[in-house]
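# Results of the structural survey
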Amino acid sequence: MYFLLKDFGHDVEWKQVLKGNVARARAVQMLWLACHERLPTKARLCKLKLLAKQDCVFCGEVEYLDHLLFKCAGLRTIWECILSWLDVDHNPDEWKMEVMWMNTQRRKKGGKFRILQCAFAETCKNAGGIETKRVLVINRVKLMLCLGS
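Model, not experiment: these values are computed from the prediction.

### Notes on the overall build of the protein
What the protein contains, in helices and strands, is eight helices and zero strands. By the burial criterion, 38% of the 149 residues in the protein qualify as buried. Sequence separation of at least 24 residues holds for 56% of the intrachain contacts in the protein that already meet a minimum separation of 6. Surface exposure of the protein reaches about 9800 Å², of which carbon and sulfur atoms provide 59%.

Printed below as a string of structure tokens:
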């Protein structure tokens, strides 16, 4: 009876990227945010009125999820270096394609996927955290100036 009442829902493609990930908890959390398209990119922070400009620090284009992780020339080289270090022949594409690619990689045998999975989460954490830290520091300073005057 329980199974008839329970809604099993549908499997999402990013579930296996998070499942069993050995990366740090904060990195897995940032990866989860990226999977839900809630990573604090400049475009998203501008939409929330926390930033005035949405330009990427590295190239000047609008910084959105795909751009931040894979399209920006400055940050793309980081991901390409990680892939070459792991001896993986792959050209990073847009976010949804990368998640699907990671799902195909998990089916291969060996521990390489665990390392790739960890690197994927850590890259998302570091790329997503660059601007967030800067915005939090600026807002903290603004708050201190308002309270001080």
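### With respect to unusual backbone geometry
Backbone geometry at Glu-37 places phi at a positive 55 degrees, although glycine is not the residue there. Looking at Glu-37, the relative accessible area reads 42%, which means it is partly exposed. Notably, Asp-87 is not glycine yet its phi reads approximately 60 degrees, a positive angle. Structurally, the position occupied by Asp-87 is in the loop between helix 6 (73–85) and helix 7 (95–106).

### Here's the deal with the confidence of the model for the protein
Within the protein, residue pLDDT values average 79, and 79% of them lie at 70 or more. For the protein, helix 1 (residues 2–5) is the element with the lowest average pLDDT, namely 60, and helix 3 (residues 25–35) is the one with the highest, namely 89.

### A word on helix 7
When the terminal C-alpha atoms of helix 7 are compared, their 17 Å separation across twelve residues agrees well with the 16 Å that a helix rising 1.5 Å per residue should span. Trp-95, Glu-98, Val-99, Trp-101, Met-102, Asn-103 and Gln-105 are the residues of helix 7 that are buried.

### As for the state of the cysteines
This model, assessed by the stated rule, comprises zero disulfides. No disulfide involves Cys-56; its sulfur sits 3.6 Å from the nearest other cysteine sulfur, which is in Cys-72.

Conventions used here
- Counting starts from 1 at the beginning of each chain's written sequence and moves along it residue by residue.
- This being a predicted model, a pLDDT of at least 70 is required before a residue's local features are given, and a value of 80 or more before pairs of side-chain atoms are given or counted; all residues contribute to the totals for chains, interfaces and linings.
- Neither water nor hydrogens contribute to the side-chain values; these are computed over all heavy atoms in the structure.
- Runs of E in the DSSP output that reach at least two residues are strands. Runs of H or I that reach at least four are helices, and both are numbered from the N terminus.
- Only protein chains enter the accessibility calculation, which uses a 1.4 Å probe. A residue is then buried if its area is under 20% of the maximum for its type, exposed if over 50%, and partly exposed in between.
- Pairs of residues are marked as contacts when any of their non-hydrogen atoms sit within 4.5 Å.
- Here, Shrake-Rupley sampling with a 1.4 Å probe gives the accessible areas, and only protein chains in the shown set may cover a residue.
- By definition, pLDDT measures how confident the predictor is in each residue, and it falls between 0 and 100.
- Given the number of residues in a helix, its expected span is that number minus one, multiplied by 1.5 Å.
- Cysteine sulfur atoms are paired as a disulfide whenever they come within 2.5 Å of each other.

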